[in-house]
Amino acid sequence: MLRQTMAKPRRQPLRGPGYMFCARSSSLSVTEELFLEAAEYGNIPEVRRMLEDLPDLNVNCVNYMGQNALQLSVANEHLEVTKLLLDKKNLARIGDALLLAVSKGYVRIVEAILSHQAFADSQRLTNSPGQAESHDDFFAYDEDGTRFSHDINPIILASHCHEYEIVHILLMRGARIERPHDYFCQCSTCSDNQKHDSFSHSQSRINAYKGLASPAYLSLSNEDPVMAALELSNELAVLANIEKEFKNDYKKLSMQCKDFVVGLLDLCRNTEEVEAILNGDAESRDSPEPFSRQSLLRLKLVIKYEVKKFVAHPNCQQQLLSIWYENLSGLRQQTTAVKILLVLGVAFGLPILAFLYWIAPSSKLGKVMRGPFLKFVAHAASLMIFLCLLVMNAADRFDGTTLLPNMTTHDHPSQLFRMKTTPFTWMEILIISWVIGKIYAECKHIWLQDIREYVSEPWNILDFGILAIFVTSFIARFMAFWHAYSAQCYVDKHYTNLANITLPFEIQYFQLARMNWMPSDPQLISEGLYAVAVVLSFSRIAYILPANESFGPLQISLGRTVKDIFKFMVIFITVFVAFMIGMFNLYSYYLGAKQNDAFTTVEESFKTLFWAIFGLSEVKSVVINTDHKFIENIGYVLYGVYNIIMVIVLLNMLIAMFNSSFQEIEDDADVEWKFARAKLWFSYFEHGGTLPVPFNLIPSPKSILTMLLGIREFLCRLPQSRRKDNPQDDMELSKLRQKEEASVEASSCPTQYQKIMNRLVKRYIIKARFDKDNDEVNEGELKEIKQDISSLRYELLENKSENLETLVELIGQLGEVIRAQKLN
């Protein structure tokens, strides 16, 4: 054993931290070391002398860190040294030097490097180190991965560093950031990269998106930076939900794009510029149509992508407020009492106003009625009237019904009892008219917009559910009435008096009191569905609450709470079903042998556990009348664990979720409320839908005229389309011509919108530079000052040495003259 121990080789001592770099530095000569030192410290005279006097000098020699003279001079911002080195042929690692200058923000050095002949091909600016050829030493510095990733090129790096001037220079030279392929792309390039190194592939996508989302690149590379930023923001938000591992990175970039759009809006100085951002085209308001209103296409996109800070910005809110009080500009300065009186006047005079608008929609009153504010008031008043009808429909039963469940009544001897309960009352007919009008409005809404946009709005889903339940209730009620009417027709045909007459069962059923009706009776189903629809109808009031500053945040918190409940229900249902089935399996064999029927059936198990959440179930629910203590003890344990999990754990977790959601809304209540209010306002900005329910069911002369004009236009186009041999080709050619004409016009004369965007981008860049210049002087800037002083010192020493040489020459010449005079 001792011999084996002594035979082991001696352990080598640990090497110092410089071991990994010594291989490179050991091959340097003294001249090369002096050359690298002169380039690093900006010794211009020494570098010039060595380049001129030593033709065999290796200008591509590297130090222990693998940096050559060009990289050292660029890293220390020695412009003159860099220019001297760039004049040499066969210079290596120019691409690395450019990346280094871009990362440092040295604009003059970047311009000097770009003037090198190596960048005559603009493809050099687009290719990254990973795309360079293996034998090419253009990007040799990154072979060890010590500074930049292999997928970083100059334009991406400049965008990452927010260097506006460098980005502009690179864009002018044709550099562009290539947009990454779709995440699910199955092309050969994406498949190969994914198989070779999935992590590097994902990192390259993130780096590309970081460049695309940079304010510098967005503002300088796009004719419409607002649209580009919004689309990119939505794309990044979608990727955040797909690539979960990089979710925070994508969400941060998405927020960066949104902040860029908000920053442009903040720099607007007049209404024209605000309208340009909201509409996408400042000239869209100059529409030839009468009573035209701004399109607000960009605002619609902003609301869709939930850029809440943009919508809540004062510039945007002021513009929305002016549109909201269209044709009623003086109402903004009125007191709250005046506004309340106006609302009450519109509510009580709604039928008269609707009739006047129906007769003369283009009159002055029609213009006012078409305004968003009065349109909102009219629709809100219609909703309140509908809710009042629902309340008044049950007014005859407020003090209790006089017709008990075991009683029947009739108006004449041959009348069946169900003919008293199934017919629709005049109040219910009014309710049906409101429902039909709402169905028509919803169908028109779906027709005018994409079905996916309609489904994406929760309020539309609620409306659809309410209308579906109302319609089902009315259909069931009509079926009950039809069956009763058919039975009544049979009675009227065969009998004159029903006293002491035995009717067939299918006819006698309609004479029975309510308590004897079948559970599946259509009238019972109708009444149950009607009750659910009434409850949901009152919840529709929450839709108009964001119009008020006090109730708006509460409504938003309530909506967020509902979302939390849906998330919580997944865990809740899992635990509830587990204990319900478990307790049912335990006690299903003891039906009739317990103190109550709890857990003996699935229904009883559900009821017991549900009401146990609210403390309304008794402990004796687990007690068995027999002497089966083991089963009873298991029941006690399961029931106790259920109460602990549901009441103590899950319910408190739900309360904590409510508190968290409420606190999130409360912390940013102003932004949340203004965003919700803008969504509410925007739904009334669109044309059409002026008449509320149920007045929209009556076709107005305007709608009839529009329909006739549309039919005439369709009939006029039909013969022309038949004459054409290839109508589709002609349409495509006309579209192409229009695009070409538009592109020519845009290139020759920029639109007003483009001029406004250029102004805003210039202001944004100036502000970004000003903010950057106002930063405190950091350690890097102090180092640059020291390097400049060092370069100046070497220049002064050179001047001093030149002066000394000149003085020596003059003294020598003077001595020769003196010696010549002595000889003479």
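Residues numbered from 1 in each chain as written. Predicted model: local features only at pLDDT ≥ 70, side-chain atom pairs only at ≥ 80, totals over all residues. Heavy atoms only, no water.

Participant: Teacher, can you tell me more about the overall build of the protein here?
Facilitator: What the protein contains, in helices and strands, is 38 helices and zero strands. Within the protein, buried positions represent 38% of all 824 residues. Considering only contacts in the protein between residues 6 or more positions apart, those separated by 24 or more positions represent 73%. Total accessible area on the protein is roughly 48,900 Å²; 59% of this is exposed by carbon and sulfur atoms. (Helix = DSSP H or I, 4+ residues; strand = E, 2+ residues; numbered from the N terminus. Buried < 20%, exposed > 50% of the residue type's maximum accessible area, 1.4 Å probe, protein only. Contact = heavy atoms within 4.5 Å. Areas by Shrake-Rupley, 256 points an atom, 1.4 Å probe, with all protein chains shown as cover.)

Participant: Would you mind showing me how to read the nonpolar core here?
Facilitator: A general tendency of soluble globular proteins is for nonpolar side chains to be buried together. Core analysis: the largest hydrophobic core is formed by 129 residues, its most contacted members being F35, I113, I155, I277, L299 and F310. Setting aside its immediate chain neighbours within four residues, F310 contacts V261, V262, L265, I277, L278, L299, V302 and C316. In this structure, F568, I613, Y639 and Y642 belong to the second largest nonpolar core, which totals 22 residues. (Core = buried A, V, L, I, M, F, W, Y, C linked by side-chain atoms within 4.5 Å.)

Participant: For this particular structure, what's the right way to read the side chain of S382?
Facilitator: Here S382 shows up in helix α24 (residues 372–392). Not counting residues up to four positions away in its chain, the partners in contact with S382 are L350, W434, P692 and V693.

Participant: Even after reading the chapter, I still don't get the packing of aromatic side chains, so can you show me in this structure?
Facilitator: What describes a pair of aromatic rings is the distance from one ring centre to the other and the angle between the planes of the rings. Under the counting rule described, the total for this entry stands at 31 aromatic pairs. Plain terms: the ring middles of W324 and F376 are 5.5 Å apart, the flat faces sit at 55 degrees to each other, and that makes the pair tilted. You can see W324 sitting in helix α20 (residues 314–324) and its partner F376 sitting in helix α24, a full 52 residues away along the chain. For the pair shown, W324 and F376 are each scored as buried. Between the aromatic rings of F610 and W611, the centroid separation amounts to 5.1 Å while the plane-to-plane angle is 80 degrees, which identifies the pairing as edge-to-face. The class for F610 is partly exposed, based on a relative accessible area of 29%. For W611, a relative accessible area of 42% puts it in the partly exposed group. Ring pairing ties together the aromatic residues F568, F572, F576, F579, F606, F610, W611, F614 and Y642, which thus form one cluster. The cationic tip of R418 hangs over the ring face of W517; the distance from NZ or CZ to the ring centre is 4.0 Å. If you follow R540 out to its NZ or CZ, it ends over the ring of Y543, 4.3 Å from the centre. (Phe/Tyr/Trp six-rings, centres within 6.5 Å; stacked < 30°, edge-to-face > 60°. Lys NZ or Arg CZ within 6 Å of the ring centre and 35° of its normal.)

Participant: How do you make sense of the environment of S382 when you look at a structure like this?
Facilitator: Overall, the relative accessible area of 4% leaves S382 in the buried class. For the pair S382 and P694, spaced 312 residues apart in sequence, the C-alpha to C-alpha distance is 8.0 Å. Reaching out from S382, the side chain makes a polar contact with the backbone oxygen of V693 at a distance of 2.4 Å. (Polar contact = N/O pair within 3.5 Å; in protein donor to acceptor, adjacent residues only side chain to side chain.)

Participant: What's the story with unusual backbone geometry in this structure? I'm lost.
Facilitator: For residues that are not glycine, phi is negative in most cases, and the peptide bond is trans in most cases. That bond from V693 to P694 is cis: its omega, 0 degrees, falls within 30 degrees of zero. Of note, P694 is situated in the loop between α34 (669–685) and α35 (701–723). Look at E306: it is not a glycine, yet its phi comes out positive at around 60 degrees. Counting through the fold element by element, E306 comes out in the loop between α18 (297–304) and α19 (308–311).

Participant: Just to check I follow, could you spell out the environment of N460 for this structure?
Facilitator: Counting through the fold element by element, N460 comes out in helix α28 (residues 458–494). We classify N460 as buried; its relative accessible area is 8%. For the pair formed by N460 and E442, sequence separation is 18 residues and the distance between their alpha carbons is 8.3 Å. Not counting chain neighbours up to four residues away, the residues in contact with N460 comprise E442, H445, Q449, E453 and Y454. Reaching out from N460, the side chain makes a polar contact with the backbone oxygen of Y454 at a distance of 3.0 Å.

Participant: How should the pattern of salt bridges be read in this particular structure?
Facilitator: Any two side chains of opposite charge can pair, so long as their charged atoms come close to each other. Under the counting rule described, the total for this entry stands at 21 salt bridges. A salt bridge links E46 to R49, with the nearest nitrogen and oxygen atoms 2.5 Å apart. In this pair, E46 and R49 both sit in helix α4 (residues 44–53), three residues apart, roughly one turn of the helix. The salt bridge involving R477 is made with E428; its shortest N-O contact spans 3.1 Å. Residue R477 is found in helix α28, and its partner E428 is found in helix α26 (residues 426–448); the two are separated by 49 residues along the sequence. Looking at R477, the relative accessible area reads 13%, which means it is buried. (Salt bridge = Lys/Arg side-chain N within 4 Å of Asp/Glu carboxyl O.)

Participant: For this particular structure, what's the right way to read the packing of helix α31 (residues 552–587) against helix α33 (residues 629–667)?
Facilitator: For any two helices packed against each other, one specifies the crossing angle of their axes together with the interaxial distance. Running from N to C, α31 and α33 cross one another at 170 degrees; their axes reach a closest spacing of 9 Å. Taken as axis vectors, α31 and α33 run roughly antiparallel relative to one another. The residue inventory of the contact of α31 with α33, partitioned by class, reads 27 nonpolar, four polar and five charged. (Axes fitted to C-alpha atoms, helices over the stretch in contact; angles between N-to-C directions. Parallel < 35°, antiparallel > 145°, perpendicular 65-115°, else oblique. Nonpolar A, V, L, I, M, F, W, Y, C, P; charged D, E, K, R; others polar.)

Participant: Just to check I follow, could you spell out the confidence of the model for the protein for this structure?
Facilitator: Low-pLDDT portions of the prediction should not be read for the details of their coordinates. Per-residue confidence for the protein gives a mean pLDDT of 82, with 84% of residues at or over 70. Overall, residues 284–292 carries pLDDT values under 50, and its contacts beyond four positions in sequence, including any with other chains, amount to eleven contacts. Across residues 722–729 the pLDDT falls below 50, and counting only partners more than four positions away or on other chains, this stretch makes one contact in the model. (pLDDT = per-residue confidence, 0-100.)

Participant: Can you help me understand helix α30 (residues 522–539) in this one?
Facilitator: Quick reminder: α-helices carry 3.6 residues per turn. Residues three or four places apart thus point the same way. A rise of 1.5 Å per residue sets the reference length of α30, with its 18 residues, at 26 Å; its end C-alpha atoms lie 26 Å apart and thus fit the reference within 8%. All buried positions along α30 are accounted for by P522, Q523, S526, Y530, A533, V534 and S537. The buried residues of α30 occupy an angular sector of 110 degrees when projected down its axis, which confines them to one face. Considering only its buried residues, α30 is in contact with α24, α25 (418–421), α26 and α28. For α30, the N-terminal capping position is held by D521, with its side-chain oxygen 2.9 Å away from the main-chain nitrogen of Q523. (Expected span 1.5 Å × (residues − 1). Arc of directions from axis to C-beta.)

Participant: Can you help me understand a nonpolar patch on the surface in this one?
Facilitator: On the surface, I704, M707, L708, I711, F714 and L715 cluster together into a nonpolar patch covering about 590 Å² of accessible area. Summarising the element assignment, L708 is placed in helix α35. By relative accessible area, L708 is classed as partly exposed at 48%. (Patch = residues over 30% accessible without salt bridge, like charges linked within 9 Å, V, L, I, M, F, W, Y side chains within 5 Å.)

Participant: Explain the packing of helix α32 (residues 602–612) against α33 to me, please; I cannot follow it from the model alone.
Facilitator: Their axes nearest at 10 Å, the elements α32 and α33 cross at an angle of 50 degrees. With respect to α33, the axis of α32 lies oblique. Handedness of the crossing formed by α32 with α33: right-handed. Only Y639, Y642, N643 and V647 of α33 make contact with α32, whose side of the interface consists of L609, F610 and A612. Residues of the contact of α32 with α33, tallied by class, amount to six nonpolar, one polar and no charged. (Left-handed = near helix turned anticlockwise from the far one by under 90°.)

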